[in-house]
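Listed here are the chains, written in short residue letters.
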Amino acid sequence: MTDSDVVTLPLDELPEGALLKSVTAQPIEVAGRAALRVELTEEAAGGVPGVDYIDQPTFVLLPLEFENGVVEVDVFARLAAGAPDYARAFAGIAYRISEDDRRFEAVYVRPLNGAKLNPPGPRVNRGLQYFAYPEWDFERLRHEYPDGRYEAKADIGPDEWIRLRLEVEGRSVRVSVNGVPVLSVNETKATPVRGRMGLWVDIGTEAFFSKLSVTAL
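(A) Geometry of the side chain of Arg88. Relative to the elements of secondary structure, Arg88 occurs in the loop between β6 (69-79) and β7 (91-97). The side chain of Arg88 sits in the buried core without any salt bridge; Asp85 is the nearest counter-charge, 7.6 Å away. Looking at Arg88, its side chain comes within polar contact range of the main-chain oxygen of Asp85, at 3.0 Å. Filtering out sequence-adjacent residues up to four positions away, Arg88 remains in contact with Leu79, Arg110, Pro111, Leu112, Asn113 and Arg123.

Here it is in structure tokens:
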């Protein structure tokens, strides 16, 4: 992508040139819409927490380059069969992915922490998460910033389409869910660099992605 480019992918099939990183992906129809279903591979899901999953490079790597701009995608996420107790249907967007997959940033939703389900505190304030791989996973961010500045409450739930919008510029990211601003981070945890984009999932999640739009700024 170059400045001012706009790229749209319906995600009704695996885009040409996409690569699978510890995930499976297949076209499917869900909730009346054509989408791409993404889950961890059996090998990754059966691995070691913090090594094979939990804020790791587990995504469909898309043939798109990106540094600053606007990303929008529809996400439909729910628990997969056999999901562990701590799973929350984690799914979102990874961006600025390095060539070796060793660095990237990401924003993802946790629909089972969504306000629509009225979960107990503090879970209700953890419906959405920013992190930066590899140094800054959710656990470290939560420990070092107990004010929760890298998480947010979101009026969402599982088994529904969620419109996720990221506005990325330098070391800031602003996130909206279904048109409502929910998170604004002015000090992200990675150096802004040009990289690839990915459809990201984590443990115990069956995720569906549709209607991706990327606008470079």
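(B) Just the environment of Glu169, in detail. Mapped onto the elements, Glu169 comes out in strand β11 (residues 162-169). By relative accessible area, which is 52% here, Glu169 ends up exposed. Sequence-distant contacts of Glu169, defined by excluding residues within four places in its chain, comprise Asn68 and Arg96.

(C) View of the sheet that holds strand β9 (residues 128-133). Read across the open sheet, the 7 strands follow the order β2-β5-β14-β7-β8-β9-β10; overall the sheet is antiparallel. The sheet terminates laterally at β2 (19-21) and β10 (151-152), the two strands that pair on one side only. Bridge analysis of strand β8 (residues 104-109) against β9 gives 6 bridges, and the strand direction is antiparallel. Paired with Ala106 across the bridge in β9 is Phe131.

(D) Broad picture of the packing of aromatic side chains. This model, assessed by the stated rule, comprises 13 aromatic pairs. Grouped by ring-pair contacts, the aromatic residues Phe59, Phe90, Phe104, Tyr108, Phe131, Tyr133 and Trp200 constitute a single cluster. Lying over the aromatic face of Trp161, Arg33 brings its terminal NZ or CZ to 4.3 Å of the ring centre. Looking at Arg110, its charged tip hangs above the ring of Phe138, at a distance of 5.6 Å from the centre.

(E) Just the pairing of β9, in detail. In terms of burial, β9 is a largely internal element, 6 of the 6 residues being buried. Of the two faces of β9, the one lined by Leu128, Tyr130 and Ala132 and the one lined by Gln129, Phe131 and Tyr133 are each fully buried. Both β9 and β10 contribute to a ladder of 2 bridges, which runs antiparallel. Among the inter-strand pairings, Gln129 is bridged to a residue of β10, identified as Glu151.

What counts, and where the lines are drawn
Residues numbered from 1 in each chain as written. Predicted model: local features only at pLDDT ≥ 70, side-chain atom pairs only at ≥ 80, totals over all residues. Heavy atoms only, no water. Helix = DSSP H or I, 4+ residues; strand = E, 2+ residues; numbered from the N terminus. Buried < 20%, exposed > 50% of the residue type's maximum accessible area, 1.4 Å probe, protein only. Lys, Arg positive; Asp, Glu negative; His and termini not counted. Salt bridge = Lys/Arg side-chain N within 4 Å of Asp/Glu carboxyl O. Polar contact = N/O pair within 3.5 Å; in protein donor to acceptor, adjacent residues only side chain to side chain. Contact = heavy atoms within 4.5 Å. Pairing = 2+ DSSP bridges. Phe/Tyr/Trp six-rings, centres within 6.5 Å; stacked < 30°, edge-to-face > 60°. Lys NZ or Arg CZ within 6 Å of the ring centre and 35° of its normal.

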